[in-house]
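Here's the letter readout for the chains.
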Amino acid sequence: MLIIGGEISCFINNSNEGKTVQIKTIKIPVITKTISFSKDKENKKQIVKKLKFASKFKLSFYDNNNGKPGNPIYTQKSIVFNLSQEKSVFDINISDYDIYLPNEGLFVSLINLGPVDENDKFIQSEPFEVKQFNGKQVKVVKPTKPFFPVIKEWNASKTFYRFSFDNDSKWEMFYKHGKKNNSEVHNLGIGYELNVYE
């Protein structure tokens, strides 16, 4: 999951070098259910819980700068959409935006703009909350749904993260639980459809 203002960027490789390749659709999987177990030690049962959420996201693109997101690739208008518990995979059709895949590939990113209500209006929410820790007030991030499925990799990061509302924020490798442990590099499982022209 991403905090409000969080941006996660995933690499799209071009295996059709020398051909004209247009990105037709971006496929975004979300986790709509969680599984837990009852507290009864003698007769444990699985409890499936449906997650309820609706959040607005923005889709952006960046060129490939030595394996990291580089300069932004601008579109004629913003690509904004909602993710909710209604589907497990959301297909975002971007064929009208004329996004072409360079030979070196590019990065596609998701920016969490915040939760919305049933009327598609933003729900006021801060990306941080204040908690008491050892007698002191500490500001901690407040993650929001949805959850995204990840793929565990070994020293092969193709996904990066930053806080997009901070102009000085730099791209960081996407680690499990935010911990910089090389054995716990994770990549977001975003899919895509391409139009390939000879």
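Preceding this paragraph is the structure being described.
Residues numbered from 1 in each chain as written. Predicted model: local features only at pLDDT ≥ 70, side-chain atom pairs only at ≥ 80, totals over all residues. Heavy atoms only, no water.

1. Focus on the overall build of the protein
If you tally the helices and strands in the protein, you get zero helices and 18 strands. Burial status across the protein gives 36% buried among its 198 residues. Counting contacts in the protein only where the partners sit at least 6 residues apart, residues at least 24 apart contribute 72% of the total. When the accessible area of the protein is evaluated, it comes to approximately 12,600 Å², of which 47% is carbon and sulfur surface. (Helix = DSSP H or I, 4+ residues; strand = E, 2+ residues; numbered from the N terminus. Buried < 20%, exposed > 50% of the residue type's maximum accessible area, 1.4 Å probe, protein only. Contact = heavy atoms within 4.5 Å. Areas by Shrake-Rupley, 256 points an atom, 1.4 Å probe, with all protein chains shown as cover.)

2. With respect to the pattern of salt bridges
Scanning all chains against the criterion turns up five salt bridges. Taking the shortest distance from any N to any O, the salt bridge between Arg-162 and Glu-7 comes out at 3.0 Å. Residue Arg-162 is located in strand β15 (residues 159–163), and its partner Glu-7 is located in strand β2 (residues 6–12); the two are separated by 155 residues in the primary sequence. Since its relative accessible area comes to 1%, Glu-7 is described here as buried. For the salt bridge of Glu-193 with Lys-27, the shortest nitrogen-to-oxygen distance reads 3.3 Å. With Glu-193 in strand β18 (residues 191–197) and Lys-27 in strand β3 (residues 20–29), the pair connects residues that are 166 residues apart, well separated along the chain. In this structure Glu-193 comes out as partly exposed when scored by relative accessible area, which is 31%. Overlapping salt bridges, with partners in common, bring together Lys-27, Asp-91 and Glu-193 in one network. (Salt bridge = Lys/Arg side-chain N within 4 Å of Asp/Glu carboxyl O.)

That's the geometry; what it means functionally is another story.
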